[in-house]
Amino acid sequence: MSEFIHLTSKNHSLIIKSGRVPEILHWGAKIASIDEDLLLSTERPISQARLDVDVPLSLCPELGSGHFNAPGVEGHRDGLDWAPVFNTTRVEANTTDVEANVQQATFVLEDTVAKLELTVEIKLDYQSDVVQKRVTITNKGDSKYYLNKLSSTLPLPNHANELMTFHGRWCHEFQTQRQRFEHGGFMQENRRGRTSHENFPEMFAGTQGFSEQQGLVWGFHLGWSGNHQMRADVRSDGRRFVQAGELLLAGESILEPQASYQTPWLFGCYSNSGLNGIAQRFQQFVRDNIIDFPTDKPRPVHLNTWEGIYFDHKPEYIMQMATEAGVMGVERFIIDDGWFIGRDGERAALGDWYLDEAKYPNGLEPVIDHVNQQGMEFGLWVEPEMVSQDSNLYRNHPDWVLGLQGYHQPSGRWQYVLDLQNSECFDYLFSRLDDLLTRYNITYLKWDMNRELVQPGHNGKAAVHGQTQALYRLVDQLNEAHPEVEIESCSSGGGRIDLEILKRTHRFWASDCNDALERQAIQKGMSYFFPPEVMGAHIGPAECHSTNRRHSINMRGVTALMGHMGVELDPVKESQEEKKAFSHYIALHKRFRHILHSGRSFRMDPADKNQNIYGVQNDDEMLITVCQLAMPDHALPSPLRISCVEDNAQYKVKLVEMPQTSFQLMKQRPQWLDKTLTLSGDNLKEIGLTLPILDPESALIVHLEKM
Ligand code: GLA
């Protein structure tokens, strides 16, 4: 006999029908109560010329019961027990305890023929409306079960008929693509051994033409830093679903009797206000449940040395850079790659995590002391999972490389990956990192990871799963030993950005591309899930090192200041004028970071497709950035109609930033640019604010204060 489990959050309902298998009947707007006739009103007909029974789209769909699309579980016992069919044996639900802030249901299902047990956990977070789901499989038989796949499945309603997925590459992360979602589907498979630039594990489905501000949207993210498979399918009967889980390599999960395998968490979210509703909910969930900063001080402004000096480390010069950084208002100074023995270029020394005394004859202490004297914290770059062939570590322990014997393995950035499941190697890495953090006054590590896993073998067996878990253990162990130290997750820029790594780190390096125009797109894609305070965003040199494109300081400054801000250049070599501008943007960031790093982010659907309009607000204030990405579509700009204001409130409206050079496309500017306006919510919403004509690749910021 079926019964319903109704999980509710502040705005949403998740109704699960618990019969032979659990099936979600509704995931969306809040339903006050379940009607007695719901069972009858949702009964499906059975179509001609197909199976004679109704096949539920369950939380773990089964091939063996007639689900002809991707099943939730695949595996076998030496060729047997390969099409399991489950029956629910136990349901535990907490649907009343609002105080606990999360309502949840756990379903235990059994297949007594294949001798497998499934546990499906699903939670709904009260404040953010975010759903979390994971599945555990246990081998109840007395022989090994070869698990090929275990995924989390969440259904979509039939009116979700458009997909937005992500793609990317180095220096070009978080790019999005739209496609119709009516028949067939979409699948991404990540075999790179890290979260990857190419296959960011996130996707959206929604009603046709869903946009930043409009439409019904369902969003999904898999919290996992290894391989994954993520797909969205429309069955031939029109029902549709998203499915995500770890992509297991051959033999990667062989379950001994009584052993279990658990999927990563799949996070999901619904919105009836377009992508804004998704981003605000995910960001709130991440703030409330995932991010764990060691202190609640404001996020410090960074200077990172990489693009300033690369491998050319001279302590006296670095101290000069630190002096200049301090004057500009920088609060954390990070020495990037190049500080350890023999690291004069990218071909050598990874693994030898000892200070290069040839470069730093007086040690690192005088540099750190100097940085601290300028009022800044000190941070250091490391890439613990890697080894260069030309290193003492490799010469002493060639067998510590993650690989397969008997094959040649291509290097990547001239380096190899270490086998973290090798306990000696793990202990060596922990002791080196622990020693650095104990010896020096370091409060921040930039933890890099610059290549993919090509032959991820541990004792000959596929080992991405084990390697990923060992990485988590290594970071956890270090966090436990040094709870005051913050860690940035970097992987050639944004190659390892996901929620499971964020549970143990504090910032992401979004991209190696500091080109402000590229960054507008990269940061937009990233912001659908992650709040600005974990999105590393730096002002780079006027001529961008990764694209050779030039941008004004206005475009660079405005783009960087909406994240966790930093600068990445050599301040000693910059002109007084540029330095003055860096100080200006750093000060602007500090003035507004209380809103930036705790407010609600939003985006607007621009009338001009060549604009990117985004902002952040709290109950009293709002900041809106208008960035002109390319030539304006029309000669005159469309008024900025601000929908997220209160109709009856009055607002003080002031421009806080605009291009510093003269405007080329405009000979007379609107007078209000130099004034403070008082406007009411309904005027701002319905009539809007007339903007100046922005030149391509320039930006302005408007500040609104509720009176
Ligand atoms: C990677 C990072 C960069 C920098 C270099 C150093 O590419 O993404 O930010 O740290 O490594 O080698």
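Residues numbered from 1 in each chain as written. Predicted model: local features only at pLDDT ≥ 70, side-chain atom pairs only at ≥ 80, totals over all residues. Heavy atoms only, no water.

> Just checking my understanding: could you explain the site of the ligand for this structure?
In the region of the ligand, 13 residues are neighbours, and Asp336, Asp337, Arg413, Lys446 and Asp512 sit closest. The separation between an oxygen atom of the ligand and a polar side-chain atom of Asn450 is 3.2 Å. Contact between the ligand and Asp512: an oxygen atom at 2.6 Å from a side-chain N or O atom of the residue. Look at the ligand: alone it shows 300 Å² of surface, and the protein chains cover 96% of it. Here the shell around the ligand is built from residues that sort into four nonpolar, three polar and six charged. (Near = heavy atom within 4 Å. Polar contact = N/O pair within 3.5 Å; in protein donor to acceptor, adjacent residues only side chain to side chain. Areas by Shrake-Rupley, 256 points an atom, 1.4 Å probe, with all protein chains shown as cover. Nonpolar A, V, L, I, M, F, W, Y, C, P; charged D, E, K, R; others polar.)

> Help me understand the sheet that holds strand E2 (residues 12-18) in this model?
Across a sheet, paired strands are connected by hydrogen bonds in the backbone, their directions being either parallel or antiparallel. The antiparallel open sheet is built from three strands, whose spatial order is E1-E2-E3. Unpaired on one side and paired on the other, strand E1 (3-8) and strand E3 (22-29) mark the two borders of the sheet. Going across the sheet, the axis of each strand differs from the next one's by a mean of 20 degrees, ignoring polarity. Sheet topology note: the E1/E2 ladder contains six bridges and is antiparallel. Its bridge partner being in E2, His6 is matched across the sheet by Ile15. (Pairing = 2+ DSSP bridges. Helix = DSSP H or I, 4+ residues; strand = E, 2+ residues; numbered from the N terminus. Axes fitted to C-alpha atoms, helices over the stretch in contact; angles between N-to-C directions.)

> Help me understand the packing of helix H7 (residues 423-439) against helix H8 (residues 464-481), please; the structure alone is not making it clear to me.
Each packed pair of helices is defined by two parameters, the angle between the axes and the distance between the axes. Where H7 meets H8, the closest approach of the two axes is 10 Å, and the angle between their N-to-C directions is 30 degrees. In terms of their interaxial angle, H7 and H8 are classed as roughly parallel. As for the relative orientation of H7 and H8, their crossing is right-handed in sense. Every residue of H8 that contacts H7 at Phe426, Leu429, Phe430, Leu433, Asp434 and Leu437 is listed here: Ala470, Arg473, Leu474, Gln477, Leu478 and Ala481. Its residues assigned to classes, the contact of H7 with H8 comprises nine nonpolar, one polar and two charged. (Parallel < 35°, antiparallel > 145°, perpendicular 65-115°, else oblique. Left-handed = near helix turned anticlockwise from the far one by under 90°. Contact = heavy atoms within 4.5 Å.)

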